[in-house]
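Summary of the model geometry
In case you want the letters, here they are:
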Amino acid sequence: MIANAPDIEFTGGGESSMNPSVRVIGNEMRLLVATALLVLAGLPALAQQGTTGELTGVVSAASAPLADITVTVTSASLPGSLKTTTGERGGYYFTHLPPGDYTVHFERDGLQPSHQLVRVYVAQTTRADASLVVASVSATISVAAPSEDSDQITSNFRGDLVEQLPTQRTLRDIALLAPSVNPNGVRNRLLIAGAPFWSSIFLVDGAVVNDNLGGQPHDLFIEEAIEETTVLTGAVSPEYGGFTGGVVSVRSRSGGDELRGSARTSLSNAAWTAATPWPGESRPSDDLSAVHELTLGGFVIRDRLWFFTAARFADQTTAQTTRLTNIAYPAATKERRLEGKLTGQLFGNDGLVVSYLDHSREETGIVGTPAGVLDLDALIATRSTPATFLTMGYHSMLPSNLFVEAQYARKNYALQGNGGLLTDRIAGTVVSGRRFPSANAPSSCGVCGNDQRNNESWLLKGMLFLQTRRGSHTLAAGAESFHEERIVNANTSSSDYSIQTARFRIIGQRAYPIFDETTVITWAPVRLPSLGTDFNTRSIFLNDRWDVTPRVHFSIGARYDRNDARDTDRSVVSNEHELSPRLSVTLDARGDGAHRIAASYGRYVSRIPDLPGLGSAAQRAGNPHVYSWRYAGPGINVFGTPEDGFLGSGDALAQLFAWFDSVGGVNNRQFLTGLSSPGLSTLIPQSLRSPMVDEMTLGYALRLGRQGSLRVDATTREWGGFYAARLDSTTGKQVDPEGNPIDVNWIVNDDSATSRTYRAVQVQGNWQVRSVRFGGGYTWSRLRGNTDGEGDFLNGEPATSRPLHLWYPELLAYPQRRPVGYLSGDQTHRARVWVGYDVAWGRSALNLSLLQTYDSGRAYSVVGLIDASGTITPYAGSPGNPGYSLTQLSPTGYPYYFSERGSLRTDSVASTDIALNYEHALGRTRLFFQGDVLNVLDRAAVTAPSVEVLTLLRSGRASGLTAFNPFTTKPIEGVHYLRAPDFGKPTGPSSYQTPRTYRFSIGARF
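Residues numbered from 1 in each chain as written. Predicted model: local features only at pLDDT ≥ 70, side-chain atom pairs only at ≥ 80, totals over all residues. Heavy atoms only, no water.

**With respect to the side chain of R264**
Looking at the secondary structure, you find R264 in strand 19 (residues 260-269). One polar contact links R264 to Q930, side chain to side chain, over a distance of 3.4 Å. If sequence neighbours within four positions are ignored, R264 has contacts with R169, E224, V291, H292, E293, F928, Q930, S1001, I1002, G1003 and R1005. (Helix = DSSP H or I, 4+ residues; strand = E, 2+ residues; numbered from the N terminus. Polar contact = N/O pair within 3.5 Å; in protein donor to acceptor, adjacent residues only side chain to side chain. Contact = heavy atoms within 4.5 Å.)

This is the structure in structure tokens:
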């Protein structure tokens, strides 16, 4: 037994009735399980924690600590009760507490008993100190105000709050309520604390649900079953790893000692959304969409084993429009989610949680490209996404106040039919332009095999609460392993052909491709199917939360991560390791949690992401051979008027391919401008390091009575370990099987010319006065650098940058290709503030909630594509070719920033949303109704304006624009470039914020 450590025991609904023999069997079983867990630590595995909370405090009398005080916690969220005694310094500690409301009892003979009502949150520590007095004839109960005792910067959202607000109840929408979270990534993906969209972690019941490719969360949850969500955006404990952004952790509901359930139907209709200001907008049909949710939870063995089940069925249709042509079409989803969960306490103090979710979804009318589509032929007809998600967790208290935890999780996910279905060279070829909507056929291939994205993980963790003369220590140590694989053949279209054109002619709802000397024909066959990648990260972590005094707290920890990442050819992608220190100090001015100042330093290290152009870039299997030819045939749709008759995509492609065949087709070498061969053109010459970020924070927290809090935090972040593509005179050449010389591109880490910084101040708080509840958060931030690192569609590299000194430097090292400025994810102001008012009378209750949101404009630039090398559009003084094959020089050009990066802003967006919630009790059953009105004032800010900039390369000679020397010439608008007529203006109904919208939910709970 460790000196001064409290003893602890679990009881099932009161004093234990176990006989001695049962206790012995229980202890032996716990020791056997603990031994098995130590063996599991050596297995290839990892899971994430963050589904439970902690409770700690000090018990004293007249400011002197009290030992041997019995502390008991009970809750409807906890099977049975949990009991401990305080040590010499009066401290106590509980862990693995499910989130919920707890009653904490303090008692000892001769002292007046006391109790407190506290709330325990996911991934946070709650502090409840108590001061006891000598018992008297008329004993009273002393109730003190509990306080947060967490070093981390967190935002917490209980399920009952989210249900009342006029917002969707998904993981994504809940996370967007938190400060330092915005949807400004590519395709509106979530960015947390300035990190790229793929570099945050999303957890459901403690396990990772990130999509392997996009980094965003899969929908492996049921909204009605979400109990609580916590968002961590700074000063994050070393127990969490694999990210440089933040952590979003969701805990699903469990059963209980009473049978409870719910049935909910949510109704929406595209016709319930008002029209945008776009002239002539087609109004959607009156199609009712419904989402049905069912839950049921109870007990198998009271105080010992609980069950919970949930189901979700959705049949939804939303009205969408194509880009620029504004053709209305329905996008439909049919979905089924089924969840089952068991929660138990074994042998008195051993806990077990097992959860399984099965998910199937079928979608029609899917847009497969970030820029959108111009016609209905470019939509993915039908796509299905089956998925399963299993988590198993175990925790126990061993002798000497040692807590152990283990968890296993596995996610299987697949995309089926994700692309075109026609292999015909005309009907299956996608026509698009860089940052321009596509036409004629969907991108990707829906008949070339499924895209499978799976992960498997394990965790082994121990915690020890130790009291010494110099304060108390909460020690945490653990080992993790995370494995993910992706099996996919990266076909760019179902015909293996794609056409990049400079522009389309838009006439009404028809798009006519313009084929001229700027047009590029690409053929990209996959000749060797993928066998799947094998990306592993193994980690250990250690953290000491040291409470020196009630007023001074330190957190000292570190995390060690080691990668073992191999592509489908089993070639090494990464075999590196990183150490991440995490340090923080908290000063509690009065020792009661009312005023707290905290400062921290931390390094966060991402996992190796399997993104296009990065983790799998050098593998042969699954990657296409890419050949690009410059079109040199007669101009198609270049001149004329509508009366002359333009050719649609099919007829235009027929003429283009007729010329292509006449010059030899795929055997042509005269017009070949680009060539890459998997395993030859891209190499990873040495093991890649993980991206990382260094963070410093400073914060102040204020408790507002018993029902409120306010917190202000300042954060600064600097990223490193950037991925870069290097192609210069040192990377060499290869020869493909057909004898073509190929320039070799290396994927490397390079920080010498790449920057990404984030500065933010965030404020969040909540306050309740009788029947009125206030809450919300605000963020002021700056995100600057010279690479988004998450999908720069101008240069086609979603994960790797192309620094000036590394990528064809003799030809492309002009400063305006990569200037430093505000990145596309930058947003200066973002606020979410809500107020709720409750009224109860008789058997009825009414809640009126208002959510006010404000988002300042997003950054964008005047940037166009140019031919800096002069190989397609020659100019005086163009640099000579020093000996490259130029096979990886993009024929569609490279960016030139004609303005300062991020100097322009979209409209600011404000929305006032209202929810009316009504309940009526019929016995144990409560009938409810919720009505939401979004954007009550029907504001119409332009959120996605046109950003098209014309250059000679983008518009052809008919435009009258001329080439210029990007190294020496200051370009002139109207001579060298031209903003498109609709630049900065809306291009259709989808350019505006969502207009006034109504939706409703009805149901019952018992």
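**Notes on the sheet that holds strand 48 (residues 745-749)**
Strand order in the open sheet formed by three strands is 42-48-45, and the pairing between neighbours is mixed. Bordering the open sheet on either side are strand 42 (682-683) and strand 45 (723-726), each of which pairs with just one other strand. Judged from the four bridges that link them, strand 45 and strand 48 form a sheet pairing that is antiparallel. The residue of strand 48 that forms the bridge with R726 is W746. (Pairing = 2+ DSSP bridges.)

**Quick look at the pattern of salt bridges**
Under the counting rule described, the total for this entry stands at 54 salt bridges. R711 is the salt-bridge partner of D713, the closest N and O atoms lying 2.9 Å from each other. Neither residue differs from the other here; D713 and R711 are each classed as buried. Each of E163, R169, E224, R253, R264, E293, E919, R926 and R1005 takes part in a single network of salt bridges with overlapping partners. (Salt bridge = Lys/Arg side-chain N within 4 Å of Asp/Glu carboxyl O. Buried < 20%, exposed > 50% of the residue type's maximum accessible area, 1.4 Å probe, protein only.)

**Quick notes on the packing of aromatic side chains**
Overall, the coordinates contain 30 aromatic pairs when judged by the stated rule. Measuring from centroid to centroid gives 5.4 Å for W659 and F671, while their planes differ by 55°, and the two rings are tilted. Remark: F671 occurs in the loop between helix 4 (649-662) and strand 41 (672-676) and W659 occurs in helix 4; sequence separation between them is twelve residues. Exposure remark for W659: the relative accessible area of 12% places this residue in the buried category. Through a chain of ring-to-ring contacts, the aromatic side chains of Y497, W523, Y627, W629, F657 and F660 assemble into a single cluster. The ring centre of Y822 lies 4.7 Å from the NZ or CZ of R784, which sits over that ring. For the cation-ring pair, R1005 lies above F928, with the distance from its terminal atom to the ring centre recorded as 4.1 Å. (Phe/Tyr/Trp six-rings, centres within 6.5 Å; stacked < 30°, edge-to-face > 60°. Lys NZ or Arg CZ within 6 Å of the ring centre and 35° of its normal.)

**Notes on the sheet that holds strand 41**
The six strands are arranged 28-27-31-34-40-41 in an open sheet whose pairing can be described as mixed. Strands with a single pairing partner mark the edges of an open sheet, and in this sheet they are strand 28 (436-439) and strand 41. When the angles between neighbouring strand axes are averaged without regard to direction, this sheet yields 20°. With four bridges joining them, strand 40 (residues 626-630) and strand 41 adopt antiparallel strand pairing. The residue of strand 41 that forms the bridge with Y627 is L675. Those strands touched by helix 4 are strand 27 (430-433), strand 28, strand 31 (497-500), strand 34 (520-523) and strand 40, and its axis lies near 100° from that of strand 31. (Axes fitted to C-alpha atoms, helices over the stretch in contact; angles between N-to-C directions.)

**A short note on the confidence of the model for the protein chain**
The share of residues in the protein chain with pLDDT of 70 or more is 92%, and the mean pLDDT across the chain is 88. A low-confidence stretch, residues 137-146 (pLDDT under 50), is modelled with 26 contacts involving residues beyond four sequence positions or located in other chains. (pLDDT = per-residue confidence, 0-100.)

**Observations regarding helix 4**
An α-helix turns once per 3.6 residues; consequently, residues spaced three or four apart project the same way. Taking 1.5 Å of rise per residue, 14 residues should cover 20 Å, and helix 4 covers 20 Å from first to last C-alpha, within 8% of that figure. Restricting attention to buried positions, one finds in helix 4 the residues S649, A652, L653, L656, F657, W659 and F660. Seen along its axis, helix 4 keeps its buried residues to an arc of 155°; they face one direction. Seen from the buried face of helix 4, the exposed residues on the opposite side, beyond 90 degrees, are D651 and S662. Those residues of helix 4 hidden inside the fold are in contact with strand 27, strand 28, strand 31, strand 33 (510-514), strand 34 and strand 40. Among the residues trailing helix 4, G664 stands out with phi positive, at a value near 110°. (Expected span 1.5 Å × (residues − 1). Arc of directions from axis to C-beta.)

**A word on the pairing of strand 38 (residues 577-588)**
Taking every second residue as pointing to the same face, the buried face of strand 38 carries E578, S580, R582, S584, T586 and D588, while none of H577, L579, P581, L583, V585 and L587 on the other face is buried. Across eleven bridges, the pairing between strand 36 (residues 552-566) and strand 38 is antiparallel. Pairing of Y560 across the sheet is with L579, part of strand 38. Joining the antiparallel neighbours strand 38 and strand 39 (residues 595-605) is a turn of six residues, in which G591 adopts a positive phi near 75°.

**Quick look at the state of the cysteines**
With the rule as written, the count across this model stands at one disulfide. Disulfide pairing places C445 opposite C448 at an S-S distance of 2.0 Å. Taking the torsion about the sulfur-sulfur bond, which here is approximately 75°, the covalent link between C445 and C448 counts as right-handed. Residue classification places C445 among the buried residues on the basis of a relative accessible area of 9%. We classify C448 as partly exposed; its relative accessible area is 22%. (Disulfide = S-S within 2.5 Å.)

**Section: the side chain of S252**
With respect to the helices and strands, the residue S252 is situated in strand 18 (residues 247-252). Here the side chain of S252 touches E339 through a polar contact of 3.4 Å, side chain to side chain. Once residues lying within four places of it in the same chain are set aside, the contact partners of S252 are D205, A225, I226, E227, E339 and K341.

**Description of unusual backbone geometry**
Although it is not a glycine, A235 sits at a positive phi angle of roughly 50°. Note on placement: A235 falls in the loop between strand 17 (226-234) and strand 18. Unlike most non-glycine residues, N440 shows phi in positive territory, near 80°. Secondary-structure assignment places N440 in the loop between strand 28 and strand 29 (451-468). N440 gets classed as buried once you look at its relative accessible area, which sits at 9%.

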